[in-house]
Amino acid sequence: MNRNISIDLAYKSVNHVGEELCGDNVEIVNNDDSRILILTDGMGSGVRANILATLTSRIIATMMRHKMSVDEVVSTIAKTLPISSVNGAAYSTFSVIQAFENGRVYVVEYDNPECILIRHGKVEKLPFRYRNIEGKEIRECEIWSEIGDSFAIMSDGCLYCGTGDIMNYSWDWKALSGCAAKAAGRSRNAQQMADYMNNACKELYGNKPTDDTTVAVLRIQEEHILSILTGPPADKADDYRMVEAFMETGGIKIVSGGSTSQMVARVLNEKLIHVDGEMDAEVPPMSRINGVDLVTEGVLTIHKTVELLERYVDNDVSDDFFLELSKDNGATRLACYLMEDCSTVKLFVGKAVNADYNDKTLPFDISARQSLTQSLISVLEKMNKKVEVYYY
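Residues numbered from 1 in each chain as written. Predicted model: local features only at pLDDT ≥ 70, side-chain atom pairs only at ≥ 80, totals over all residues. Heavy atoms only, no water.

### Quick word on the sheet that holds strand 5 (residues 104-110)
Sheet architecture is open: six strands sit in the order 2-3-4-5-9-8, paired in antiparallel fashion. Looking at the sheet topology across the chains shown, the edges are occupied by strand 2 (24-30) and strand 8 (129-133). The mean angle between the axes of side-by-side strands here comes to 15°, regardless of whether they run parallel or antiparallel. Where strand 8 meets strand 9 (residues 136-144), five bridges bridge the pair, whose relative direction is antiparallel. The residue bridging Arg 131 from the neighbouring strand is Ile 138, located in strand 9. (Pairing = 2+ DSSP bridges. Helix = DSSP H or I, 4+ residues; strand = E, 2+ residues; numbered from the N terminus. Axes fitted to C-alpha atoms, helices over the stretch in contact; angles between N-to-C directions.)

### What about empty space enclosed by the protein?
Following the criterion strictly, the structure yields two cavities of 30 Å³ or more and no others. What lines the largest cavity is a set of ten residues, among which Thr 230, Ile 302, Leu 372, Thr 373 and Leu 376 lie closest to the centre. Counting residues per element, the lining of the largest cavity draws most heavily on helix 10 (residues 369-382), at four residues. A breakdown of the residues in the lining of the largest cavity according to their chemical character gives seven nonpolar, two polar and one charged. Empty space within the second largest cavity amounts to approximately 50 Å³. Lining the second largest cavity are Ile 60, Met 64, Met 68, Ser 69, Val 70, Val 73, Phe 94, Val 96 and Val 108. A breakdown of the residues in the lining of the second largest cavity according to their chemical character gives eight nonpolar, one polar and no charged. (1 Å grid on protein atoms, 1.4 Å probe; cavity = no way out; pocket = protein on both sides within 12 Å on 5 of 7 lines; lining within 4 Å. Points joined across faces, edges and corners; volume = space filled by probe spheres on them. Nonpolar A, V, L, I, M, F, W, Y, C, P; charged D, E, K, R; others polar.)

### Here we look at helix 4 (residues 190-204)
Compared with the 21 Å implied by 1.5 Å per residue over 15 residues, the 22 Å span of helix 4 between its first and last C-alpha is a close match. Those residues of helix 4 lying buried are Ala 190, Met 193, Ala 194, Asp 195, Met 197, Asn 198, Ala 200 and Cys 201. Of the surrounding elements, those touching the buried residues of helix 4 are strand 1 (5-14), strand 6 (116-119), strand 10 (150-154), helix 3 (173-186) and strand 11 (213-222). (Expected span 1.5 Å × (residues − 1). Buried < 20%, exposed > 50% of the residue type's maximum accessible area, 1.4 Å probe, protein only. Contact = heavy atoms within 4.5 Å.)

### Observations regarding the nonpolar core
In globular proteins that are soluble, nonpolar side chains generally tend to be buried together. Judged by nonpolar contacts, the single largest core of 29 residues is most densely connected at Ile 228, Leu 309, Leu 338 and Leu 376. Elements with a contribution of two residues or more to this core: strand 12 (225-230), strand 13 (252-256), helix 7 (299-313), helix 8 (319-325), helix 9 (330-340), strand 17 (344-349) and helix 10. Examining the composition of this core, we find that six residues originate from one element, helix 7, more than from any other. If we ignore the near neighbours within four places in the chain, the residues touching Leu 309 are Ala 335, Leu 338, Met 339, Leu 376, Val 379, Leu 380 and Met 383. The next biggest cluster of nonpolar side chains, apart from the first, holds 24 residues, and it includes Met 154, Leu 176, Ala 181 and Met 197. (Core = buried A, V, L, I, M, F, W, Y, C linked by side-chain atoms within 4.5 Å.)

### Section: the packing of aromatic side chains
Inspection of every chain in the model, using the stated rule, returns six aromatic pairs. Centre to centre, the rings of Phe 94 and Tyr 110 are 5.9 Å apart; their planes meet at 40°, and the pair counts as tilted. A residue pair is termed long-range when its members are at least 10 positions apart, and Phe 94 in strand 4 (residues 92-100) and Tyr 110 in strand 5 qualify at 16 residues. Like Tyr 110, Phe 94 is buried. Where Tyr 160 meets Tyr 169, the ring centres are 5.3 Å apart and the plane angle is 50°; that geometry is what we call tilted. Since its relative accessible area comes to 58%, Tyr 169 is described here as exposed. The rings of Phe 246, Phe 348, Tyr 390 and Tyr 392 are connected pair by pair, giving a single aromatic cluster. One Lys or Arg, Lys 125, reaches over the ring of Trp 173 and ends 4.7 Å from the middle of that ring. (Phe/Tyr/Trp six-rings, centres within 6.5 Å; stacked < 30°, edge-to-face > 60°. Lys NZ or Arg CZ within 6 Å of the ring centre and 35° of its normal.)

### Notes on the pattern of salt bridges
Per the counting criterion, the structure on display carries 23 salt bridges. The partner of Lys 304 in a salt bridge is Glu 282, with the nearest N and O atoms 3.5 Å apart. Here the residue Lys 304 occupies a position in helix 7, and Glu 282 occupies one in the loop between strand 14 (273-274) and strand 15 (287-288), the gap between them amounting to 22 residues. Judged by relative accessible area, Lys 304 falls into the buried class, the value being 11%. (Salt bridge = Lys/Arg side-chain N within 4 Å of Asp/Glu carboxyl O.)

Spelled out as structure tokens, the structure:
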């Protein structure tokens, strides 16, 4: 990736009070040269709004995935979605940010609140230009990004948030952009920033939003790599090659697995030291190898890590979740690393079969390490991490 940048994307939505479905929708598209963040807002709330927002976002995502122009996108939406016979308004609005790996960023919006850019801790107005496509006035701009830039797009439920039927006109775009500046400064990644902003809006609604409320964030960051080596290679002759490739990667290094850690210690000519600590009924103890940031047991630890990450992705972050994370074990340490300290995850996966994995008393199917690896990959992709896998 040019300039060693990472394009971090995330969003947070809160439904209109009493509605099971959100009338906003977010899509993320990963092209070969860019990442695209799309936020659409369907008219009204509930099922109908959700259908309209989802249809709009899917059209935009499909067309931008095929690198079609914004004129073609807007024209298609204009011909696909109807106009309200009551007030002449479109049935869905949208905001799109496309961040290219060379640092160029393109923003286009129709009828949503204006995109917020936070640069060097301050709000910076984007150089929007306006034009008409198929009777719809859009605003768009292109800029060159800088490391540390944060872009926030949102549905109109984020403005004028007030309790009951009272609109809080002091909570306008200026106030929201000030909140975005605070959120950027107090967070380490896009998800934390989106959560901070959305929670601020939710509180202003008295935790009973009278509109669907969505914030989506794109941050330009230095690439932070985390590498995990799990499982010895199928051919013992590849031990050195696998460990060498793992150690040559930058960033955080984690070894997971009993026989795996023994192999790594042998290849590195280092001692494998077992760490004495509080016993955990679910997660086996950790170890230590000089030059490696974290050494854990294998499948049980990774399985527990995946469970924690899935709860995080599903926004199941109750007090019990944070109590679980406060435990000091291999799974919580690994989960925290993956949530907070990396944008790219490199998995070095050995294909050697461990006979112990055929123990049917274990609580899940681990007959194949690849199955567990796929679960980890799946949840990391839901977290919008870049994942690279190398099999040995």
